Every structure is written in C-alpha cells, then in structure tokens.
Amino acid sequence: MFTGLVEEIGTLLEIIPQEGGEVQIEISGPLVASDAGLGDSISVDGVCLTVVDLPGEGRFTVEAVPETLTRTTLGRAATGTSVNLERALPAGARLGGHIVQGHVDGMGELLTRTDGGRWEDLTFSVPADLAYLVAEKGSMTVSGISLTVTAVTENSFSVSLIPATLEATILGGLQIGDRVNLEVDVIARYVARLMEGKEVAG
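Before going into details, it helps to say that this report is about the structure given with it.

1. A few points about the layout of surface pockets
(1) Moving on: If you add up the space inside the largest pocket, you get close to 330 Å³.
(2) Moving on: Looking at the largest pocket, it is lined by 15 residues, and the ones nearest its centre are Asp45, Thr73, Thr81, Ser82 and Arg179.
(3) Moving on: Broken down by class, the residue content of the lining of the largest pocket amounts to six nonpolar, five polar and four charged.
(4) Moving on: Of the voids in this model, the second largest pocket is the one considered here, and its volume is about 240 Å³.
(5) Moving on: Lining the second largest pocket are 16 residues; nearest its centre among them are Ile145, Ser146, Leu147, Leu161 and Thr165.
(6) Moving on: The set of elements that each furnish at least two residues to the lining of the second largest pocket consists of strand 10 (145–152), strand 11 (156–161) and helix 4 (163–168).
(7) Moving on: Top contributing element to the lining of the second largest pocket by residue count: strand 10, with four residues.
(8) Moving on: Class assignment for the residues of the lining of the second largest pocket results in nine nonpolar, seven polar and no charged.

Below, the structure is given as structure tokens:
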C-alpha cells in the first residue's frame, strides 16, 4: 500500500524486453533504492511494481507484464523518462495522502493548465467508465500522486497544485496531451461495487 506522497523523481535508465512479452526496467532512484530489497514493492508513476534486481549505485530493476504495459503509461515509456517514485508504506507510519494501491484504473490526458500565480490548475480527461467514481473534494491518484479534486465534469476533472507539488513530482513538467496513470479512490470503487450488488439482488 502507498499514500500517494512522492518521495523522489526517478529516471528510466534501460528498458529490456523479455521473451514472454514482459519488460525489465532499470530505474535510477537513490532514495527509494537505498533500503530496497528483492521482492519489495515500489510505486513507479502510480504503478505497483516488484523489485527483481538491485544493480547498485542508486538503481533498481522492476518487471512489468504485458497487462501492465497495456493499461499504463509504462507501455509507451522510453529511456530517459522521468517517473514519480514512492516506497510502500511501513506499518505504523502516518497516512499523509490517501490509501493508494498502485493498481491503475485507466489513463488520462492533460487537457489544460492554468497559471494561478502561486499555484496551477490542471485539468485531465478521465475514461467514461471511471468518471462516475470521481467526486469533487475527493481523492484521485495521478501518476502516483495523491491529489484533491477541485472540479468534475462528465469526462474530466481538475486539481490545483502548489509549488511544492509541481517541483517534487513530474507534474511540473507535464505538457498538454501528455498521458497520466489514474487510480480512483478505493473506497469509491468498493461503494460502487456494493451498490451494483444491491441492484442485482434487489
């Protein structure tokens, strides 16, 4: 489990295709690699991936299967791409963001960004099958970042970002049209599922 509080911006160093269609990705992330062990979970742009190798010098290697490559931005990632990194939440730690599983629900696209002086307003598209799970003032994970939704439409949502978030995550350099990984609030997902069950049973 993660909290959506990015610890550092890492860099994809090498993407190595494997025989089964999966890929191994070597990433530079000195902070998250400092105490990583084989089998540990690390959030890479909001995708929960398992450490399979530790080459040293602040690097770690993860493996992504075809399903992950199809459903997330990692499928289009290239060497040199910057990614948000977060280690799994240790037991007893403060939950500073919200509950993030690292299970991406879909991808969105940056539609607009508006300079507010000391902050920026960003608007992202959201797939139709996820839009009803997004609530104003609720939580949304965007490429591994826990954010508060400020506005919602039928096919988009907006967030307001302070300078610290823009500097500490990849959102500061995001361009119009860039794609992001989206994970809706897990509580909203389970409530929706329960309601579906009631309708079937009723």
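2. Concerning the pairing of strand 11
On a regular strand, one side chain projects to one face of the sheet and the next to the other, so that they alternate.
(1) Moving on: A large share of strand 11 lies buried, amounting to five of its six residues.
(2) Moving on: The sheet contact formed by strand 8 (residues 120–125) and strand 11 spans six bridges and is antiparallel. For Phe124, the partnering residue across the bridge sits in strand 11 and is Phe157.
(3) Moving on: Where strand 10 meets strand 11, three bridges bridge the pair, whose relative direction is antiparallel. Along strand 11, the bridge assignment pairs Val149 with Val159.

3. So, the environment of Leu54
(1) Moving on: Assignment of secondary structure puts Leu54 in strand 4 (residues 47–56).
(2) Moving on: Look at Leu54 and you get partly exposed, because its relative accessible area is 30%.
(3) Moving on: Between the C-alpha atom of Leu54 and that of Asn155, which follows or precedes it by 101 residues, the distance is 41 Å.
(4) Moving on: Setting aside anything within four residues of it in sequence, one finds Leu54 in contact with Ala36, Gly37, Leu38, Arg59 and Phe60.

4. Things to note about the nonpolar core
(1) Moving on: In this structure, Phe124, Met140, Val142, Phe157 and Leu171 are the most contacted members of the largest nonpolar core, which totals 24 residues.
(2) Moving on: For this core, the elements supplying multiple residues, two or more each, are strand 8, helix 3 (128–131), strand 9 (139–142), strand 10, strand 11 and strand 12 (179–184).
(3) Moving on: When residues no more than four places from it in sequence are discounted, the contact partners of Phe124 are Glu109, Leu110, Leu111, Val142, Asn155, Ser156, Phe157, Val159, Leu171, Leu174 and Val180.
(4) Moving on: Ranked by size, the runner-up nonpolar core spans 20 residues in total, among them Ala33, Ala64, Val83 and Val104.

5. So, the sheet that holds strand 4
(1) Moving on: Spatially, 1-2-5-4-3-6 is the arrangement adopted by the six strands of the closed barrel, whose pairing is antiparallel. Taken over all neighbouring pairs, the strand axes of this sheet differ in orientation by 45° on average, direction set aside.
(2) Moving on: Where strand 4 and strand 5 (residues 59–64) come together, three bridges link them in antiparallel fashion. Looking at strand 5, one finds that Val51 is bridged to Val62.

6. Section: the pairing of strand 2 (residues 23–28)
(1) Moving on: As defined by bridge partners, strand 1 (residues 8–17) adjoins strand 2 across six bridges and the pair is classed as antiparallel. Directly across from Pro17, in strand 2, lies its bridge partner Val23.
(2) Moving on: In this antiparallel pair of consecutive strands, strand 1 and strand 2, the connection spans five residues, and Gly21 shows a positive phi of 100°.
(3) Moving on: In this structure, strand 2 lies alongside strand 5, joined through six bridges in antiparallel fashion.

What counts and what doesn't
- Residues numbered from 1 in each chain as written.
- Predicted model: local features only at pLDDT ≥ 70, side-chain atom pairs only at ≥ 80, totals over all residues.
- Heavy atoms only, no water.
- 1 Å grid on protein atoms, 1.4 Å probe; cavity = no way out; pocket = protein on both sides within 12 Å on 5 of 7 lines; lining within 4 Å.
- Points joined across faces, edges and corners; volume = space filled by probe spheres on them.
- Nonpolar A, V, L, I, M, F, W, Y, C, P; charged D, E, K, R; others polar.
- Helix = DSSP H or I, 4+ residues; strand = E, 2+ residues; numbered from the N terminus.
- Buried < 20%, exposed > 50% of the residue type's maximum accessible area, 1.4 Å probe, protein only.
- Pairing = 2+ DSSP bridges.
- Contact = heavy atoms within 4.5 Å.
- Core = buried A, V, L, I, M, F, W, Y, C linked by side-chain atoms within 4.5 Å.
- Axes fitted to C-alpha atoms, helices over the stretch in contact; angles between N-to-C directions.

Without other data, these values stay purely geometric and don't point to any function.
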